[in-house]
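Single-letter residue listing:
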Amino acid sequence: PKINTFLMKRCQYSDGSVRLRNPNIELMDQDILYHLALGSGSHDLVEMFGDVKFVCMGGTPKRMEHFANYIMQEIGHKLPAGTTLLDITKNSYRYSMYKVGPVLSISHGMGIPSVSILLHEVIKLMYHAKVKDPIFIRIGTCGGVGYEGGTVIISEEALDEMMKPYMELMVLGKLVRRPAKLDRQLARDLKGLAHRDDPYDTVIGKTMCSNDFYEGQGRLDGAFCEFTEADKMEYLMKLQKAGVVNIEMESLCFAALTNHAGIQSAVVCVTLLDRLKGDQVLAPKEVLEEWQMRPQKLIARYITTYLQRK
Ligand code: R2B
Ligand code: URA
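Note that the structure is predicted; figures quoted are calculated from it, not measured.

(A) Just the side chain of E248, in detail. Among the secondary structure elements, E248 is positioned in strand β11 (residues 244–248). On the basis of relative accessibility, which here comes to 2%, the residue E248 falls in the buried class. Look past the residues within four positions of E248 in its chain and what remains in contact with it is R138, T141, C142, T207, M208, C209, S210, Q217, V267 and C269.

Here it is, written out as structure tokens:
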């Protein structure tokens, strides 16, 4: 009975395939994944996605296209002769998605509503494709709290703006809470792949997830600001005292929904600035591009190590 409760909690079948916490889906003739421009009736999802192991997500279509090309080179994946990498969701005009062997590279847009819609559909995609034990990883950018630009941060947990460790969402007009838990072991394993000679730090800590880039993150440089610099610093110091090392806009939902689905997940972001020192993202484009490669390198090390062990 103990193992059964565990399996229920993991929300997976005993063979590791993703189980949906929604009895309606299997009763439907077909399921249209509208924002992905895919469907269980129109596409052979098992054939297309059955071999997926890693689902990597990040904000922008360009970064995720870049990651797809980079991971292809790192794992030595060859596309069939005469074919090129293609945006599988291009007909949706919402997100972009690339598949490189066992790796899916998907853009999730900015903020919780955008990543939430995507996660519903990608979790269902895993279910329809009968994928076993997928690992979801967010590769993002963030503001550091006491860490200079270019630092790689692995989230151990996500907190909301009031430092609560769960996502609150409205369902039928009622507040529902979902714990924003991430896989601690996966976070430690990722940290273990940081090289001593990497010319930047890789740290683990809590991530504050905000619904806004400006006022919600205590910035003084938005279109509106009704607090002082001292108020801002007091808030950031309070976050820092609670163990928060960075601020971004998706981790709470990413952690809450993957945890609810029993899917192992991690969030790895690079800081674009230290919020204790400023608000504006000042680094030049080339520097920002190099910084954004840093989480990708760590994830590539994890994926290649995993695939070699198999
Ligand atoms: C980090 O960067 C974006 C805002 O610039 C947002 O998606 C996030 O979490
Ligand atoms: N993304 C955020 O959400 N905040 C920052 O400060 C930088 C990137």
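(B) The arrangement of the site of ligand 1 in detail. Every residue near ligand 1 is listed here: M110, R138, T141, F213, E248, M249 and E250. Between an oxygen atom of ligand 1 and a side-chain N or O atom of R138, the distance comes to 3.3 Å. Within the side chain of E250, a nitrogen or oxygen atom sits 2.5 Å from an oxygen atom of ligand 1. Burial of ligand 1 by the protein chains amounts to 82% of its free accessible area of 270 Å². Using a 2 Å cut-off from the grid points, one finds that ligand 1 occupies the largest pocket. Of the residues belonging to the shell around ligand 1, the class tally is 3 nonpolar, 1 polar and 3 charged.

(C) Highlighting the confidence of the model for the protein. Chain-level pLDDT for the protein is 95 on average; 96% of the residues reach the 70-or-more range. Averaged pLDDT values over the elements of the protein bottom out at 46 in helix α1 (residues 2–10) and peak at 99 in β11. Across residues 1–9, confidence stays below pLDDT 50; counting only partners more than four residues off in sequence or on other chains, it has 5 contacts. With pTM at 0.95, the complex prediction returns an ipTM value of 0.99.

(D) A look at the site of ligand 2. Taken together, T141, C142, G143, F213, Q217, R219, I247, E248, M249, L272 and L273 make up the full set of residues near ligand 2. Here a nitrogen atom of ligand 2 and a side-chain polar atom of Q217 are 2.9 Å apart. The separation between an oxygen atom of ligand 2 and a polar side-chain atom of R219 is 2.7 Å. Within the complex, the protein chains bury 93% of what would otherwise be the 240 Å² of accessible surface of ligand 2. Most atoms of ligand 2, that is more than half of them, are within 2 Å of grid points of the largest pocket. Elements that contribute at least two residues to the shell around ligand 2 include exactly β6 (135–144), β11 and β12 (264–274). Broken down by element, the residue count for the shell around ligand 2 peaks at 3 residues, all from β6. Tallied by class, residues from the shell around ligand 2 come to 6 nonpolar, 3 polar and 2 charged.

(E) Structural context of a nonpolar patch on the surface. Together, F213, Y214 and V281 make up a nonpolar patch on the protein surface, roughly 230 Å² of accessible area in all. Residue class for V281 comes out partly exposed when judged on its relative accessible area of 36%.

Scoring rules and cut-offs
- Here the residue numbers are simple positions, counted from 1 along each chain's written sequence.
- Think of it this way: whatever chain is written first is A, whatever ligand is written first is 1, and the rest follow in order.
- Local features in this predicted model are restricted to residues of pLDDT 70 or higher, and side-chain atom pairs are both shown and tallied only at a pLDDT of 80 or more, whereas totals for entire chains, interfaces and linings draw on every residue.
- Note: side-chain values were computed over all heavy atoms of the structure, leaving out hydrogens and water.
- Each helix is a run of DSSP H or I of at least 4 residues and each strand a run of E of at least 2, with the numbering of both proceeding from the N terminus.
- Buried, partly exposed and exposed residues are distinguished by accessible area as a fraction of the type maximum, computed with a 1.4 Å probe on protein chains only: under 20%, between the cut-offs, and over 50%, respectively.
- It only takes one pair of heavy atoms within 4.5 Å for two residues to be counted as in contact.
- It suffices for a single heavy atom of a residue to lie within 4 Å of a molecule or strand for the residue to be listed as near it.
- Polar contacts, as counted here, are pairs of nitrogen or oxygen atoms within 3.5 Å of one another; within protein the pair requires one atom able to donate a hydrogen and one able to accept it, and residues that are adjacent in sequence qualify only if both atoms are side-chain atoms.
- For every accessible area listed, the method is Shrake-Rupley and the probe measures 1.4 Å; residues are considered covered only by the protein chains on display.
- Buriedness for pockets is judged along seven lines, at least five of which must meet protein on both sides within 12 Å for an open set on the 1 Å grid over protein atoms alone, while cavities are sets there where a 1.4 Å probe fits but cannot get out, and lining residues have an atom within 4 Å of a point.
- Just a note on the criterion: a molecule sits in a pocket or cavity if more than half of its atoms are within 2 Å of the grid points.
- Side-chain classes are defined by residue name, with Ala, Val, Leu, Ile, Met, Phe, Trp, Tyr, Cys and Pro counting as nonpolar, Asp, Glu, Lys and Arg as charged, and the others, Gly among them, as polar.
- As a per-residue measure, pLDDT tells how confident the predictor is, with possible values from 0 to 100.
- Patches were defined on residues exceeding 30% relative accessible area and lacking a salt bridge, with like-charge contacts within 9 Å and nonpolar side-chain contacts (Val, Leu, Ile, Met, Phe, Trp, Tyr) within 5 Å.
- The term salt bridge refers to a side-chain nitrogen of Lys or Arg lying within 4 Å of a carboxyl oxygen of Asp or Glu.

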